[in-house]
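Geometric and topological summary
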Amino acid sequence: MVAKRDAQATRSRILLAARSEFAQAGIAGARVDRIAAAAQINKNMLYIYFGSKEQLFDAVFDVAIGELLETVGIDTDDLPEYAGRLFDHFTAHPELCRLARWFGLERPGGLANLEKTVAATVVKIDELAAAQARGTVTARVPPALLMDMLLVLAATWSSGSPEQPPEPGNLDTIADRRKALVWAVSRVVAP
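Residues numbered from 1 in each chain as written. Predicted model: local features only at pLDDT ≥ 70, side-chain atom pairs only at ≥ 80, totals over all residues. Heavy atoms only, no water.

One number sums up the size of the largest pocket: a volume of about 810 Å³. Around the largest pocket, the lining comprises 31 residues; the ones closest to its centre are I65, A100, L111, D148 and L151. Going through the elements one at a time, α4 (53-71), α5 (79-92), α6 (94-106), α7 (115-134) and α8 (143-156) are the ones with two or more residues in the lining of the largest pocket. Per element, the largest residue contribution to the lining of the largest pocket is seven residues, and it comes from α8. Among the residues forming the lining of the largest pocket, the class breakdown is 19 nonpolar, seven polar and five charged. (1 Å grid on protein atoms, 1.4 Å probe; cavity = no way out; pocket = protein on both sides within 12 Å on 5 of 7 lines; lining within 4 Å. Points joined across faces, edges and corners; volume = space filled by probe spheres on them. Helix = DSSP H or I, 4+ residues; strand = E, 2+ residues; numbered from the N terminus. Nonpolar A, V, L, I, M, F, W, Y, C, P; charged D, E, K, R; others polar.)

As a further point, take the packing of aromatic side chains. Evaluated as defined, the whole model comprises five aromatic pairs. Geometrically, the ring pair formed by F22 and F57 is edge-to-face, given 5.1 Å between the ring centres and 90 degrees between the ring planes. A residue pair is termed long-range when its members are at least 10 positions apart, and F22 in helix α1 (residues 7-29) and F57 in helix α4 qualify at 35 residues. Neither residue differs from the other here; F22 and F57 are each classed as buried. With 6.1 Å between their ring centres and 15 degrees between their planes, F57 and F103 make a pair best called stacked. Taken together, the positions of F57 in helix α4 and F103 in helix α6 put the pair 46 residues apart, joining distant regions of the chain. As far as burial versus exposure is concerned, F57 and F103 are alike and both buried. Three or more aromatic residues joined by ring pairs make a cluster, and in this case those are F22, F57, F61 and F103. (Phe/Tyr/Trp six-rings, centres within 6.5 Å; stacked < 30°, edge-to-face > 60°. Buried < 20%, exposed > 50% of the residue type's maximum accessible area, 1.4 Å probe, protein only.)

So, on to unusual backbone geometry. Residue Q40 is not a glycine yet carries a positive backbone phi of 60 degrees. Within the element layout of this structure, Q40 appears in the loop between α2 (32-39) and α3 (43-50). A relative accessible area of 64% places Q40 in the exposed class.

Here the focus is the packing of α4 against α6. At a minimum axis distance of 10 Å, the contact between α4 and α6 shows a crossing angle of 130 degrees. In this view, α4 runs oblique relative to α6, as classed from their interaxial angle. Every pair of crossing elements has a handedness; the one defined by α4 and α6 is left-handed. Packed against α4, whose contacting residues are F57, D58, V60, F61, A64, I65 and L68, the element α6 presents L96, L99, A100, W102 and F103 at the interface. For the contact of α4 with α6, the class distribution of residues is eleven nonpolar, no polar and one charged. (Axes fitted to C-alpha atoms, helices over the stretch in contact; angles between N-to-C directions. Parallel < 35°, antiparallel > 145°, perpendicular 65-115°, else oblique. Left-handed = near helix turned anticlockwise from the far one by under 90°. Contact = heavy atoms within 4.5 Å.)

Let's shift gears to the environment of E95. Inspection of the secondary structure puts E95 in helix α6. Expressed as a C-alpha distance, the spacing of E95 and S20, which sit 75 residues apart in the sequence, is 7.1 Å. Once residues lying within four places of it in the same chain are set aside, the contact partners of E95 are R19 and A23. Of note is the side chain of E95, whose polar atom sits 2.9 Å from the side chain of R19. (Polar contact = N/O pair within 3.5 Å; in protein donor to acceptor, adjacent residues only side chain to side chain.)

Bringing the side chain of E21 into the picture now. Following the sequence through the fold, E21 ends up in helix α1. Taking the relative accessible area as the measure of exposure, E21 reaches 12% and is therefore buried. Beyond its immediate chain neighbours, meaning those up to four positions away, E21 contacts G26, G29, A30, R31, R34 and I35.

Two elements in contact, α1 and α6, have axes whose closest approach is 9 Å; the angle formed by their N-to-C orientations is 25 degrees. Put simply, α1 runs roughly parallel to α6. The hand of the α1/α6 crossing is left-handed. Here α1 contributes R19, F22, A23, Q24, A25, G26, I27 and A28 to the contact with α6, which in turn contributes E95, R98, L99, W102 and E106. Looking at side-chain class alone, the contact of α1 with α6 contains seven nonpolar, two polar and four charged residues.

The following block contains the structure:
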């Protein structure tokens, strides 16, 4: 009996292998041969499933951002802890920071094409504007800029950041960085 192919499992293996490769090398440096080998597929299968290396990168990035959006919801009543949860996600998924940097370098202006991300960001900015109108969050910074600041601050010291990442397994350093982040955000957002 011939085993049936599991298309979803194959797609998942490709996305996982590509996530690692793209996080390390970006679009230009990633090699389809390495992705195919890591996914245990024929290279042609990658093109059948995703069309091109660039479309595969976009799919990988979309999945990674989708995981972040599903996992870390904003709480405008506790923005410092929201930033802490972002930090936790970035620390648990260090490849996301690297993918985001590659995306910014190799897809300038490309975030506008990610509909889920744009829609989620608009909602968050609206929630920040409402919190500013209530007087619970500083109005000195426009809400879109404040959202960017929260994301950048949370990512800066996470495991995926090139800015002095903590030593692997050094939880005290990670905990100290999270604590400092939460404290800093509490000062930034205070009315």
